[in-house]
Amino acid sequence: MKIHPTAIVDKKAKLADGVEVGPYAIIGPNVEIRKGACIGSHVVVDGYTTIGEGCCIFTGAVVGSVPQDLKYKGEKTLLKIGNNNVIREYVTLNPGTHKGSSTSVGDGNLIMAYSHVAHDCVIGNGCIIANSGTLAGHVTVEDKVVIGGLAAVHQFVRVGKMAIIGGCSKVVKDIPPFSTCDGHPARVYGLNLVGLTRAGISKEAKEALRKSFKILFHSGLSFKTGIEKVKEEVNVFEEVKYLLAFVKNSERGVCRGGV
């Protein structure tokens, strides 16, 4: 363990072997930092926060401060950060709002400078949030999502796995999995073919997804009718099943197709 002499680490904080804490960092009493994590200069880690193994948090990030929610009344709420995440300069991550609730970040994510993850969010694994990307409260981001710089995601929105959201987008409805979306408000423009290829998705499954996207997002049909049409006309690979279930079960509504 390597703690800079100017850092302030509460005696009750739990720091594992190999943790590094940089100059002027502040670590609160209810914080747990696991093996090999690196806390940069002027970082503040507070609240009931757990930081996983191998995480690297850069200068000025504020992790675990009280949620920016008027409903918060000082209850014990949690922030759980998994392993091998990179959290860049001046990122802010807030815990949950209600007693026992949590914000959680999975493994292997890159959250770039000035981004914000609000209370009660859930981020999966292998995601990228580019500079100044903003998640409002109760947002769910599934695995391998890319959110462009300056994009803003409305509260309670769900972003499906392997989706890409263009920079500066305004996201007010659910983003379907495997999609590329952009705009004000964000709309579906096509498939994330690069992500699908990197994930080893077969050509047949990609073609089935392409046909499904054309029916669901570019035919003018209602989603209910479109789902039935996909089931009738498209080979329903696992990826297609996932897409259909996502659209069917959306509570906030799903983005429509762009021109």
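For the structure itself, look to the data block above.
Worth saying up front: this structure is predicted, and the values here are computed from it rather than measured.

## Topic: the state of the cysteines
Phase 1: Enumeration over the complete set of coordinates arrives at zero disulfides.
Phase 2: Among the cysteines around cysteine 56, which has no disulfide bond, cysteine 38 carries the closest sulfur, lying 4.4 Å off.
Phase 3: Left unpaired, cysteine 255 is separated from the closest cysteine sulfur, that of cysteine 181, by 5.4 Å.

## Focus: unusual backbone geometry
Phase 1: Cis rather than trans, the peptide bond between histidine 184 and proline 185 has omega equal to -5°.
Phase 2: Here proline 185 is to be found in the loop between strand E27 (179–183) and strand E28 (186–191).
Phase 3: Here histidine 42, not a glycine, exhibits a phi torsion of approximately 60°, which is positive.
Phase 4: Structurally, the position occupied by histidine 42 is in the loop between strand E7 (38–39) and strand E8 (44–45).
Phase 5: The backbone of cysteine 168 shows a phi angle near 65°, a positive value even though the residue is not glycine.
Phase 6: When you line up the elements, cysteine 168 lands in the loop between strand E25 (164–165) and strand E26 (170–171).
Phase 7: On the basis of relative accessibility, which here comes to 39%, the residue cysteine 168 falls in the partly exposed class.

## Things to note about helix H3 (residues 223–233)
Phase 1: Here H3 has its buried residues at Phe223, Gly226, Ile227 and Val230. All buried residues of H3 lie within an arc of 105° about the axis, which places them on one face of the element. Facing away from the buried surface of H3 by more than 90 degrees, the exposed residues are Lys224 and Glu232.
Phase 2: Among the structural elements, helix H2 (203–218) and helix H4 (238–248) are those in contact with the buried residues of H3.

Reading the values: the criteria
- Residues numbered from 1 in each chain as written.
- Predicted model: local features only at pLDDT ≥ 70, side-chain atom pairs only at ≥ 80, totals over all residues.
- Heavy atoms only, no water.
- Disulfide = S-S within 2.5 Å.
- Helix = DSSP H or I, 4+ residues; strand = E, 2+ residues; numbered from the N terminus.
- Buried < 20%, exposed > 50% of the residue type's maximum accessible area, 1.4 Å probe, protein only.
- Arc of directions from axis to C-beta.
- Contact = heavy atoms within 4.5 Å.

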